[in-house]
Amino acid sequence: MTVTEPAPPAPRHTPAAVPPLAARAGSVGGSPVRDILAVTARPEVINFAGGLPAPELFDREGIAAAFRDVLAETPERALQYSTTEGEPSLRTGLAARISAGGLATDADDLLITTGSQQGLSLLATALLDPGDTVLVEDPCYLAALQAFGLAGARVVAVPGDADGVDAQALEELVARERPKLFYTVPTFQNPTGRTLPGERRAAVAEVAARSGVWLVEDDPYGELRYEGERVPWIASYPGAQDRTVLLGSFSKVMAPGLRLGWLRAPAALRRACVVAKQAADLHTPTLNQLAAASYLTGLDAHVARVRDVYRERRDAMVAGLPEALPEGSAWARPEGGMFLWARLPESYDTTALLPKVVRQDVAYVPGAPFYAGEPDRSTLRLCFVTQTPAEIGEGLRRLGEGLRQS
């Protein structure tokens, strides 16, 4: 005999809809770069769109040895909860590196973050109320625009030129907009690759001192210099010391998968960021911090090897651009970093052109998403560190072919 299960009772009423998402969740889109990477994940695509370090250059043996040593010597500590501020050994080693770079720093001046991107998020939480104004470079690092947008900030772009932000325009906007902060990537900027000269850094510091605005100086690429002289951090200039937050990262010089960054800030703001981090993730992984602290002694030698390879790749891209890009295009030779910024003739829209170029099995990032205000649609960003010189040459050949067919 077959037994039939009774049907579930019909609902007595229609279920009510759940509450909507927060307004900020719907007002900020995802990262266009991540979307492009998903579309171009095919192995045959030569991808100039990402901002990824070259994986074959990761010091797998050195980093693995650091993890083995930590787990062998202090496993109970490495696998346990840690303080929100970060492991003392890592903060001490970082403070010594920053001090050697010309900015006197103690371990207690630093907060270890889960990537420098978390530093931006913590600052947005600690400093910004909905409706506050933030000033940014034009164009600007995409993920910073996301972080400030999620905080409900009003983002205003500061005009600049090939050397970076215009200090006079910054001062005028500070007076008119009364912003909470000005965010800048002054060294090998993402996306343009440009570096703000020392005299402009001094002028920016003076604006901040006179106006009372916070400066957020993001420096993920500063150690990737291939030529020219190092320019001091804005945080080291007179007038800026008590109002500048300096962000840094191990992602580009050690490995992004470790998710290790740091934040150097005046005491009251740093304490507010510590509270925000406690609410976000309690602390950055202890094991990763201790391994990074152990690896610091060999980091300079590794960075020197990486710089040599990246310099060759930058040179290969610069050499191939005249043949790849249409007549009337313009670009600059970056002294370091990971990116090259190009402007095509005004008739070109790099967002509209991207699908046609991808059909040639090559990709770039259109420039438009990097602008907080009116975008320059003829611009594009190329990352030169992930491919070999031969792959760069072939990728530029494909790019030229795709642009010619537009």
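Residues numbered from 1 in each chain as written. Predicted model: local features only at pLDDT ≥ 70, side-chain atom pairs only at ≥ 80, totals over all residues. Heavy atoms only, no water.

Attention shifts here to the overall build of the protein chain. A count of helical and extended segments in the protein chain gives 13 helices and 15 strands. Over its C-alpha atoms, taken along the principal directions, the protein chain stretches across nearly 80 × 60 × 55 Å. Across the 406 residues of the protein chain, 51% fall into the buried class. Across the protein chain, contacts joining residues at least 24 apart in sequence account for 74% of those joining residues at least 6 apart. A total accessible area of about 18600 Å² is found for the protein chain, and carbon and sulfur atoms account for 54% of it. Side chains of the protein chain give 40 positive and 49 negative charges; the mean places of these two sets differ by 2 Å. (Helix = DSSP H or I, 4+ residues; strand = E, 2+ residues; numbered from the N terminus. Buried < 20%, exposed > 50% of the residue type's maximum accessible area, 1.4 Å probe, protein only. Contact = heavy atoms within 4.5 Å. Areas by Shrake-Rupley, 256 points an atom, 1.4 Å probe, with all protein chains shown as cover. Lys, Arg positive; Asp, Glu negative; His and termini not counted. Charge placed at Lys NZ, Arg CZ, Asp CG, Glu CD.)

This part is about the sheet that holds strand β2 (residues 110-113). The strand order across the open sheet built from seven strands is β2-β10-β9-β8-β7-β3-β4, with neighbouring strands paired in mixed fashion. Edge positions in the open sheet fall to β2 and β4 (154-158), since each of these has one partner strand only. With direction set aside, neighbouring strand axes in the sheet form an average angle of 20°. By the bridge criterion, four bridges tie strand β7 (residues 181-184) to strand β8 (residues 214-218) in an arrangement that is parallel. Bridge pairing links Tyr 183 to Val 216 in β8. (Pairing = 2+ DSSP bridges. Axes fitted to C-alpha atoms, helices over the stretch in contact; angles between N-to-C directions.)

Here we take up the nonpolar core. Counting residues in each nonpolar core, the largest one holds 97 residues, and the members touching the most others are Leu 123, Leu 128, Phe 148, Tyr 183, Phe 250, Met 317 and Leu 399. At 13 residues, the largest contribution of residues to this core is made by helix α11 (residues 286-324). The residues touching Phe 250, leaving out its near neighbours within four places in the chain, are Leu 90, Leu 94, Ala 255, Leu 260, Leu 296 and Leu 299. Within the second largest apolar cluster, 20 residues are counted, among which are Leu 196, Ala 208, Leu 215 and Ala 240. (Core = buried A, V, L, I, M, F, W, Y, C linked by side-chain atoms within 4.5 Å.)

Here we take up the layout of surface pockets. The volume enclosed by the second largest pocket comes to roughly 500 Å³. As for the second largest pocket, its lining consists of 22 residues, of which Asp 219, Gly 222, Glu 223, Arg 230 and Trp 233 are closest to the centre. Those elements that place two or more of their residues in the lining of the second largest pocket are α5 (88-100), β9 (244-249) and α11. In terms of residue class, the lining of the second largest pocket is made up of 10 nonpolar, five polar and seven charged. (1 Å grid on protein atoms, 1.4 Å probe; cavity = no way out; pocket = protein on both sides within 12 Å on 5 of 7 lines; lining within 4 Å. Points joined across faces, edges and corners; volume = space filled by probe spheres on them. Nonpolar A, V, L, I, M, F, W, Y, C, P; charged D, E, K, R; others polar.)

Here we come to the side chain of Thr 244. Among the secondary structure elements, Thr 244 is positioned in strand β9. Of the polar contacts made by the side chain of Thr 244, one reaches the backbone oxygen of Ala 240; its length is 2.7 Å. Filtering out sequence-adjacent residues up to four positions away, Thr 244 remains in contact with Trp 214, Leu 215, Glu 217, Ala 235, Arg 264, Ala 265 and Pro 266. (Polar contact = N/O pair within 3.5 Å; in protein donor to acceptor, adjacent residues only side chain to side chain.)

Turning to the sheet that holds strand β12 (residues 339-343), a few remarks are in order. A sheet is described by the order of its strands in space; here four strands give the open sequence β11-β12-β15-β14, paired in antiparallel fashion. One side of each edge strand has no neighbouring strand; the edge strands of this open sheet are β11 (330-331) and β14 (365-366). With five bridges connecting them, β12 and strand β15 (residues 379-383) associate as antiparallel partners. Across the sheet, the residue bridging to Leu 340 is Leu 382, located in β15.

The final tally for this structure, using the stated rule, is 25 salt bridges. The shortest N-O distance in the salt bridge between Asp 315 and Arg 333 comes to 3.1 Å. Residue Asp 315 is located in helix α11, and its partner Arg 333 is located in the loop between β11 and β12; the two are separated by 18 residues in the primary sequence. Assessed through its relative accessible area of 29%, Asp 315 is described here as partly exposed. Through salt bridges with shared partners, a single network forms among Glu 227, Arg 314, Asp 315 and Arg 333. (Salt bridge = Lys/Arg side-chain N within 4 Å of Asp/Glu carboxyl O.)

Further remarks concern empty space enclosed by the protein. All told, the structure shown has one cavity of 30 Å³ or more when counted by the stated rule. As a volume, the largest cavity reaches approximately 60 Å³. Lining the largest cavity, in full, are Pro 53, Ala 54, Leu 57, Phe 58, Ser 251, Lys 252, Val 253, Met 254, His 302, Val 306 and Tyr 310. In the lining of the largest cavity, the residues fall into eight nonpolar, two polar and one charged.

Contact geometry for α11 and helix α13 (residues 389-404): axes closest at 9 Å, N-to-C directions at 25°. With respect to α13, the element α11 is oriented roughly parallel. Considering only the axes of α11 and α13, their crossing is right-handed. Across the interface between the two elements, Glu 312, Arg 313, Ala 316, Met 317, Gly 320, Leu 321, Glu 323 and Ala 324 of α11 pack against Pro 389, Ile 392, Leu 396, Gly 400, Leu 403 and Arg 404 of α13. A per-class count over the contact of α11 with α13 returns eight nonpolar, two polar and four charged. (Parallel < 35°, antiparallel > 145°, perpendicular 65-115°, else oblique. Left-handed = near helix turned anticlockwise from the far one by under 90°.)

Attention now goes to the side chain of Asp 132. If you trace the backbone, Asp 132 turns up in the loop between α6 (116-127) and β3 (133-137). Only 2.7 Å separates the side chain of Asp 132 from the backbone nitrogen of Asp 129, close enough to count as a polar contact. Once you skip the residues sitting within four places of it in the chain, Asp 132 turns out to touch Leu 127, Ala 153, Arg 154 and Lys 180.

On to helix α10 (residues 267-280), then. Since the α-helix advances by 3.6 residues per turn, residues separated by three or four positions end up pointing in the same direction. With 14 residues, α10 ought to run about 20 Å at 1.5 Å a step, and its terminal C-alpha atoms sit 20 Å apart, in line with that. Within the sequence span of α10, burial applies to Leu 269, Arg 270, Cys 273, Val 274, Ala 276 and Lys 277. With its buried residues spanning 170° around the axis, α10 presents them on a single face. Residues of α10 that are exposed and point more than 90 degrees away from the buried face comprise Ala 268, Arg 271, Val 275 and Ala 279. (Expected span 1.5 Å × (residues − 1). Arc of directions from axis to C-beta.)

What follows is about the environment of Ile 234. On the secondary structure map, Ile 234 appears in the loop between β8 and β9. Note on Ile 234: relative accessible area 1%, which makes it buried. C-alpha of Ile 234 to C-alpha of Leu 215: the two residues are 19 residues apart in sequence and 8.7 Å apart in space. Excluding residues within four positions of it along the chain, Ile 234 makes contact with Thr 184, Pro 186, Leu 196, Arg 201, Val 204, Ala 205, Leu 215, Glu 217 and Ala 240.

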